[in-house]
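# Architecture and fold: a report
What follows is each chain in one-letter form.
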Amino acid sequence: MSSKQDAPHPLKVAGVVAFYMGAALVMVFVNKAVLQTAPSLPLLFLLNQLIIAVILLHAGAFVTPRIELPHLDLPTAKKLFPVVSVNIIGLVFNTLCLRDVEASFFQIARGMQLPLTILVSSLVAKKSPSRLVILSATVVTVGFLLGVSPSLSRQNITDTDESTVDIPAYAVADPHKPSLLSLFYGFLSSLFIAVHAVLIKSSLPHCNNSTIQLAYWTNLGSAVLILPFVLLGGEAWRITSEVFGDTSAWWASEGFTFVWGSIVTGVFGFLLCVAGLLSIKITSPVTHMFSSAARSVLQTLLGVWIFHDLLNVKRALSILVILGGTMYYTYVKSLEAAQPPMPALSQNNDLEMGISRKEEREELFAVPEDDEEGDGDIGRVSGERKA
């Protein structure tokens, strides 16, 4: 069969890209709406999403035999504990970061995801990345530092003696300015996503190389691990007292958004898993990355429109630099993938390390796009990781 016949129809590619972008955008903005309305319930909100994902996997297995759920046993659970624990830690930091920063700033706060992924992958593979890959990571890092650096502009304010003095803008309280703690959450989220991406390759053999089974283990295991923190942190008791107290007041203030937001993000988190897998399978890595870049631009514009986020020149430039570095990375990896295969001896050495050229290229294409999302769905997109 010719390559032309193997190529998917353009309408199919467009549909998959639109499906992926739509699911990712819904996840980010509904997540943000819930966390903004009920900021004291982030872990319970995350637990609800994980439980809904598990329920939907069971429903999918009931509907079609293509979704085969794993047999739960203690030996496999022990082997998968590292990937599950790293997953839930990354999810928690991702959720806390999204809660504390503006939706349009979220991609800047997690801007170190690509450089950290390249670093972790290189350390595990014991192989230095190419100069062009390092250059792309450097560009992304510069974009991140540009976005999180304090503004150097100066503005006039009046002091207590009514005299005008010049002070740095970052000395003035700014409701749009992210805190250092939220930036730390974003950095840790990116770091654990990078580690999680590497652990997936070693975890798949324990799940019969099934991404669906790994997704089930990850979501179920993450729900079990986070449950004690929901109970000990008081979130479960708080919502219980609210519901059995003044139910109407709680429902009007945050209950409606919290409940429906949990359902919507749980369902779309599951759909994002499917969308991410389809995007990697149907489209090329370059198309996948360009669709992610377009989604990032839309996310910024929608954040300004829906949540009235701040979009100044520095933030816009930071996002453009991060996107430029990420797309350049994809271009570089596409060129490296198109190069002739290495000599047999070199390939055999890589196979002895458990890393084939094909697997390495697939991982490096799939890992950086994570979100996305991304976007707080490491467990639900575990088959892609790829968030």
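Residues numbered from 1 in each chain as written. Predicted model: local features only at pLDDT ≥ 70, side-chain atom pairs only at ≥ 80, totals over all residues. Heavy atoms only, no water.

Bringing the overall build of the chain into the picture now. Along its length, the chain carries 15 helices and two strands. Taking all 387 residues of the chain together, the buried fraction comes to 47%. As displayed, the chain has an accessible area near 18,900 Å², and 69% of this comes from carbon and sulfur atoms. (Helix = DSSP H or I, 4+ residues; strand = E, 2+ residues; numbered from the N terminus. Buried < 20%, exposed > 50% of the residue type's maximum accessible area, 1.4 Å probe, protein only. Areas by Shrake-Rupley, 256 points an atom, 1.4 Å probe, with all protein chains shown as cover.)

Where helix α6 (residues 113-125) contacts helix α8 (residues 180-203), the axes come no closer than 8 Å and their chain directions differ by 40 degrees. In the crossing of α6 with α8, the sense of the turn from one axis to the other is right-handed. Facing Gln113, Leu116, Thr117, Val120, Ser121 and Val124 of α6, the residues of α8 in contact are Phe187, Ser190, Leu191, Ile193, Ala194, Val195 and Val198. When the residues that make up the contact of α6 with α8 are grouped by side-chain class, the tally is nine nonpolar, four polar and no charged. (Axes fitted to C-alpha atoms, helices over the stretch in contact; angles between N-to-C directions. Left-handed = near helix turned anticlockwise from the far one by under 90°. Contact = heavy atoms within 4.5 Å. Nonpolar A, V, L, I, M, F, W, Y, C, P; charged D, E, K, R; others polar.)

It is generally the case that most residues other than glycine have a negative phi and that most peptide bonds are trans. The backbone of Lys126 sits at a positive phi, close to 55 degrees, despite the residue not being glycine. Within the secondary structure, Lys126 sits in the loop between α6 and α7 (131-148).

Under the present numbering, the feature "transmembrane region" (unreviewed entry) in UniProt falls on residues 12-31, 43-64, 76-93, 132-152, 183-202, 214-237 and 257-278. Annotated as 95% helix and 0% strand, the span residues 43-64 places its first and last C-alpha atoms 32 Å apart. Structurally, residues 183-202 comprises 100% helix and 0% strand, and the distance from its first C-alpha atom to its last is 30 Å. (UniProt positions renumbered as here; feature names shortened; annotations may be inferred.)

Turning next to the packing of helix α4 (residues 74-100) against α8. Packing of α4 against α8 brings their axes to within 8 Å, and their N-to-C directions diverge by 155 degrees. Here α4 lies roughly antiparallel to α8, going by the angle between them. Crossing hand, α4 versus α8: left-handed. Packed against α4, whose contacting residues are Leu80, Pro82, Val83, Val86, Asn87, Ile89, Gly90, Phe93, Asn94, Leu96, Cys97 and Asp100, the element α8 presents Ser182, Tyr185, Gly186, Leu188, Ser189, Phe192, Val195, His196, Leu199, Ile200 and Ser203 at the interface. Within the contact of α4 with α8, the residues separate by chemical class into 14 nonpolar, eight polar and one charged. (Parallel < 35°, antiparallel > 145°, perpendicular 65-115°, else oblique.)

Here we take up the packing of aromatic side chains. Geometry of an aromatic ring pair is reported as the spacing of the ring centres plus the angle between the planes. All told, the structure shown has four aromatic pairs when counted by the stated rule. Ring centres of Phe45 and Phe258 lie 6.2 Å apart, and the angle between their planes is 50 degrees; this geometry places the pair in the tilted category. Residue Phe45 is located in helix α3 (residues 42-63), and its partner Phe258 is located in helix α11 (residues 247-282); the two are separated by 213 residues in the primary sequence. Neither Phe45 nor Phe258 differs from the other in exposure class; each is buried. Taken together, the ring pairs in this structure connect Phe93, Tyr185 and Phe192 into an aromatic cluster. (Phe/Tyr/Trp six-rings, centres within 6.5 Å; stacked < 30°, edge-to-face > 60°.)

What follows concerns helix α9 (residues 211-232). The first and last C-alpha atoms of α9 sit 32 Å apart over 22 residues, in line with the 32 Å expected at 1.5 Å per residue. The largest bend in α9 comes to about 30 degrees, at Ile226, with the proline Pro228 one to four residues further on. Along α9, the residues that are buried comprise Gln213, Leu214, Ala215, Tyr216, Trp217, Thr218, Asn219, Gly221, Ser222, Ala223, Ile226 and Val230. Among the residues trailing α9, Gly234 stands out with phi positive, at a value near 90 degrees. (Expected span 1.5 Å × (residues − 1). Bend = angle between axes of the 7 residues up to and from the residue.)

The next point concerns the environment of Ile306. Tracing the backbone through its elements, the reader meets Ile306 in helix α12 (residues 285-307). Along the sequence, Ile306 and Ala33 sit 273 residues apart, while their C-alpha atoms lie 9.7 Å from each other.

Tracing the backbone through its elements, the reader meets Leu80 in helix α4. By relative accessible area, Leu80 is classed as buried at 1%. Separated by 120 residues in the primary sequence, Leu80 and Ile200 place their C-alpha atoms 9.3 Å from one another. Beyond its immediate stretch of four places on either side in the chain, Leu80 contacts Ser203, His206, Cys207, Leu214 and Trp217.

Scanning the entire structure with this criterion turns up three salt bridges. Measuring nitrogen to oxygen at the nearest pair gives 2.9 Å for the salt bridge that ties Arg99 to Asp100. Accessibility expressed as a relative area gives 23% for Arg99, which makes it partly exposed. Among the residues examined, Asp100 registers a relative accessible area of 29% and is labelled partly exposed. Arg315 is paired through a salt bridge with Glu102; the nearest N and O atoms lie 2.4 Å apart. One end of the pair, Arg315, is in helix α13 (residues 313-338); the other, Glu102, is in the loop between α4 and α5 (106-109), with 213 residues separating them in the sequence. (Salt bridge = Lys/Arg side-chain N within 4 Å of Asp/Glu carboxyl O.)

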